[in-house]
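Analysis of the macromolecular model
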Amino acid sequence: MEQPVIIRFRWTDDDLFQAYHYHFRHICRPVFRIGLHFLFAVLLIGGVLVLISSGPAGKAPLPVSLGFLAGGIYWFVVRPFERRWVVRRQFSKRPDRDIELEWQVATDKIRTQSILGHSEFVWQTFTKMLRTPSGVLLYPVDQIYHWLPRRGFTSDAEFERFVELARGKIQRYYDVV
């Protein structure tokens, strides 16, 4: 029997943020993400153009142009920091924050353990797998996932061995960049 793949890591708020980020990139289609960026860029540019064209007399609808500016600035400047702040705030309330996790992945089952408990899964538990540059998301259902960061693997070869094993066991496989 082949040695299991061992994944050990401390669960941090950055892990949760990365997992959330890649999950969102997977569920939100690129056309919608690009469309939202385009829409808010148009709002920002429109707000600037209305303010510039109004001149010193201020004849243009000032509240509308300021609203457009505020929306564009929020989307491109404030929102990334707000999302990180919300995830960190939620993480600080979790009982599993900053604990050591260990996953042992074998060809027939997966074992997890931490100071909070332990469990054992068969491969059929997972309906899909999402490979990212920073790790892997395993999904028992479409909205619940387990994050296995790449830094938890002992080497890149172990990471690749896990990915190949999981690809053979899990039906749906996706790459997210």
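Preceding this paragraph is the structure being described.
Computed from a prediction, not measured in an experiment: that's the story for all the values here.

Parameters and conventions
- Residues numbered from 1 in each chain as written.
- Predicted model: local features only at pLDDT ≥ 70, side-chain atom pairs only at ≥ 80, totals over all residues.
- Heavy atoms only, no water.
- Pairing = 2+ DSSP bridges.
- Helix = DSSP H or I, 4+ residues; strand = E, 2+ residues; numbered from the N terminus.
- Axes fitted to C-alpha atoms, helices over the stretch in contact; angles between N-to-C directions.
- Contact = heavy atoms within 4.5 Å.
- Salt bridge = Lys/Arg side-chain N within 4 Å of Asp/Glu carboxyl O.
- Buried < 20%, exposed > 50% of the residue type's maximum accessible area, 1.4 Å probe, protein only.
- Polar contact = N/O pair within 3.5 Å; in protein donor to acceptor, adjacent residues only side chain to side chain.
- Expected span 1.5 Å × (residues − 1).

1. Observations regarding the sheet that holds strand E5 (residues 128–132)
Pairing in this open sheet of four strands is mixed, and the strands run E7-E6-E5-E8 from one edge to the other. Among the strands making up the open sheet, the edge pair consists of strand E7 (144–149) and strand E8 (172–175). Along the sheet, successive strands turn relative to each other by an average axial angle of 20°, direction set aside. Set on the sheet, helix H1 (residues 13–27) makes contact with E5, strand E6 (135–141), E7 and E8; between it and E7 the angle comes to about 125°. Helix H4 (residues 156–169) contacts E5, E6, E7 and E8 of the sheet and is inclined by roughly 155° relative to E5.

2. Notes on the sheet that holds strand E3 (residues 109–114)
Read from one edge to the other, the open sheet built from four strands follows the order E1-E2-E3-E4, with strand pairing classed as antiparallel. The sheet is open, and its two borders are formed by strand E1 (5–10) and strand E4 (117–122), each paired with just one other strand. For this sheet, the mean angle separating the axes of adjacent strands, direction not counted, is 15°. As defined by bridge partners, strand E2 (residues 100–105) adjoins E3 across four bridges and the pair is classed as antiparallel. Paired with Gln104 across the two strands is Arg111, which belongs to E3. Lying on the sheet, H4 is in contact with E1 and E2; it crosses E1 at an angle near 115°.

3. Concerning the pattern of salt bridges
Within the structure shown, the criterion is met by 16 salt bridges. Among the salt bridges present, the one from Asp13 reaches Arg88, with a minimum N-O distance of 3.0 Å. Taken together, the residues Asp13 in helix H1 and Arg88 in helix H3 (residues 62–92) connect sequence positions 75 residues apart. Judged by relative accessible area, Asp13 falls into the partly exposed class, the value being 21%. One salt bridge in this structure joins Arg94 and Asp96, with 2.8 Å as the shortest N-O distance.

4. Side note on the environment of Glu2
With respect to the helices and strands, the residue Glu2 is situated in the segment before E1. Within the local environment of Glu2, its side chain forms a polar contact with the side chain of Arg161, the two groups lying 2.4 Å apart.

5. Here we look at the environment of Tyr22
Looking at the secondary structure, you find Tyr22 in helix H1. By relative accessible area, Tyr22 is classed as buried at 10%. Separated by 125 residues in sequence, Tyr22 and Trp147 place their C-alpha atoms 10.0 Å apart. When near neighbours in sequence (up to four residues on either side) are disregarded, Tyr22 contacts Leu130, Thr132, Pro133, Ser134, Leu137, Trp147, Val176 and Val177.

6. Considering H1
Compared with the 21 Å implied by 1.5 Å per residue over 15 residues, the 21 Å span of H1 between its first and last C-alpha is a close match. Among all positions in H1, only Asp15, Leu16, Phe17, Ala19, Tyr22, His23 and His26 are buried.

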